[in-house]
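# Examining the three-dimensional arrangement
The lines below spell out each chain.
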Amino acid sequence: MSQTLAPRALELPGGGRLPRVGAVDAVALEARAAELAKRSIKRESKLFALDLAIRMMDLTTLEGADTPGKVRALSAKAIRPDPLDPSVPSVAAVCVYPSLVRVARRALAGSTVKVASVATAFPSGQSALDVKLEDVRAAVEAGADEIDMVIDRGAFLSGRIGQVYDEVVAVKDACGAAHLKVILETGELGTYDAVRRASLVAIAGGADFIKTSTGKVAPAATLPVTLCMLEVIRDVHEETGAVIGMKPAGGIRTAKQAIQYLCLVHETLGAEWLTPDLFRFGASSLLNDVLLQLRKQRTGIYRSPDEFTLD
């Protein structure tokens, strides 16, 4: 492909040139991810990591059967994940469809929990740009603090990189003050080279975060794919000074996995990125296991999973 990136896509909106696309050494990347996944941490660090993982979670409900009652229940859990332990922090955000943003906004009023909304014809991204932008504007007007958009993978995979870039720019503009997370749907991109290229396009277009997956396609988040995207963020930061967030989503279900991802972030980007402002987990099923492990670390007793609600 002779024109993988349009020249304009190599410039950040605020100025500064992005790193070259380059090629990814798949063997080295997977070996590095596997090595970091084996890191062990002491009890005190594990308690900190579990607490941090909760503060980094986006609780999500994106089903056709979603109701206002379900969103209100999820919002209550987001504010107080463990009703028996007020020291457990709130999660970062609750993510819903645009039609339920107002419900979430009211349910979360007075808390620190953000309201996030998927948009741009989630999860396929297959819709006209004006429809996508109306989707975004409706979510922002309803009170969304964050927008999770999906790129048009069909356009990307057929080489229409400029179109993907233009859509990210347009969506970023439609977001106004809301933060923009750009979902690559890495399970459909095929190669690490494509993941790197798509990450750079998203960042050039104005993404505040880049995100692996919608959670609707397998494979979703994996350690090697996440590492690939973290290395793009590192390279962009070193080249331009820009600070971009990262969100792996889908398939992260256990506290052990969450700690592996946190190790990946720490070793690749440093402690500066270990904050909900720059790293999120998109994995609602993860919360209960982290809560169980946190209780076990604090009390020495492993409690029943039935003590927590299923979301």
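Summarised in this report is the structure supplied together with it. As the structure is a prediction and not an experimental result, all values here were calculated from the model.

## Notes on the sheet that holds strand β3 (residues 114-118)
What the seven strands build is an open sheet, ordered β1-β2-β3-β4-β5-β6-β7; its pairing is parallel. If you trace the sheet from one side to the other, it starts and ends with β1 (58-60) and β7 (245-247), each paired once. Across the sheet, the axes of successive neighbouring strands diverge by a mean angle of 25 degrees, strand direction being ignored. Lying over the sheet, helix α7 (residues 161-175) contacts β4 (146-150) and β5 (179-183), oriented at roughly 150 degrees with respect to β5.

## What about the packing of aromatic side chains?
The tally for this structure, following the rule as stated, stands at three aromatic pairs. For the pair Phe 279 and Phe 281, a centre-to-centre distance of 5.1 Å together with 90 degrees between the ring planes defines the contact as edge-to-face. Among the aromatic residues, those joined into a cluster by ring pairs are Tyr 261, Phe 279 and Phe 281.

## Thoughts on the side chain of Gln 260
By secondary structure assignment, the location of Gln 260 is in helix α10 (residues 255-269). Assessed through its relative accessible area of 16%, Gln 260 is described here as buried. Not counting residues within four places of it along the chain, the set of residues in contact with Gln 260 comprises Ala 37 and Leu 223.

## Brief notes about helix α9 (residues 223-240)
Taking 1.5 Å per residue, 18 residues should reach 26 Å; α9 reaches 25 Å between its end C-alpha atoms and fits that length. For α9, the secondary structure elements touched by its buried residues are α1 (26-37), α8 (192-205), β6 (209-211), β7 and α10. Capping the start of α9, Thr 222 holds a side-chain oxygen 3.2 Å from the backbone nitrogen of Val 225, two or three residues further along. Count one or two residues on from α9 and you reach Gly 241, which has phi positive near 85 degrees.

## So, unusual backbone geometry
The omega angle of the peptide bond from Phe 122 to Pro 123 is 0 degrees, so this bond is cis rather than trans. The amide bond that connects Ala 218 to the next residue, Pro 219, takes the cis arrangement and shows omega of -5 degrees. Mapped onto the elements, Pro 219 comes out in the loop between β6 and α9. For Thr 120, which is not a glycine, the phi torsion comes out positive at approximately 60 degrees. Note on Thr 120: relative accessible area 0%, which makes it buried. A positive phi angle, near 55 degrees, is found at Glu 185, a position not held by glycine. The topology assignment puts Glu 185 in the loop between β5 and α8. With a relative accessible area of 0%, Glu 185 lands in the buried category.

## Thoughts on α1
Within an α-helix, residues lying three or four positions from one another point in the same direction, as the helix has 3.6 residues per turn. Under the 1.5 Å per step criterion, the end-to-end length of α1 is 16 Å for twelve residues, consistent within 8% with the ideal 16 Å. For α1, the complete set of buried residues consists of Leu 29, Ala 33, Leu 36 and Ala 37. Along the axis of α1, the buried positions cluster into a sector of 105 degrees, meaning they face one direction only. Summarising the contacts, the buried residues of α1 are in contact with α8, α9 and α10. Two or three places before Val 27, at the opening of α1, Asp 25 has a side-chain oxygen 3.2 Å from that residue's backbone nitrogen.

## Here's the deal with the environment of Gly 162
With respect to the helices and strands, Gly 162 occurs in helix α7. C-alpha of Gly 162 to C-alpha of Val 201: the two residues are 39 residues apart in sequence and 8.7 Å apart in space.

## Some details on the state of the cysteines
On inspection of all chains with the given rule, the structure shows zero disulfides. Unpaired in this structure, Cys 95 has its nearest cysteine sulfur neighbour in Cys 175, at a distance of 12 Å.

Criteria and cut-off values
- Residues numbered from 1 in each chain as written.
- Predicted model: local features only at pLDDT ≥ 70, side-chain atom pairs only at ≥ 80, totals over all residues.
- Heavy atoms only, no water.
- Pairing = 2+ DSSP bridges.
- Helix = DSSP H or I, 4+ residues; strand = E, 2+ residues; numbered from the N terminus.
- Axes fitted to C-alpha atoms, helices over the stretch in contact; angles between N-to-C directions.
- Contact = heavy atoms within 4.5 Å.
- Phe/Tyr/Trp six-rings, centres within 6.5 Å; stacked < 30°, edge-to-face > 60°.
- Buried < 20%, exposed > 50% of the residue type's maximum accessible area, 1.4 Å probe, protein only.
- Expected span 1.5 Å × (residues − 1).
- Polar contact = N/O pair within 3.5 Å; in protein donor to acceptor, adjacent residues only side chain to side chain.
- Arc of directions from axis to C-beta.
- Disulfide = S-S within 2.5 Å.

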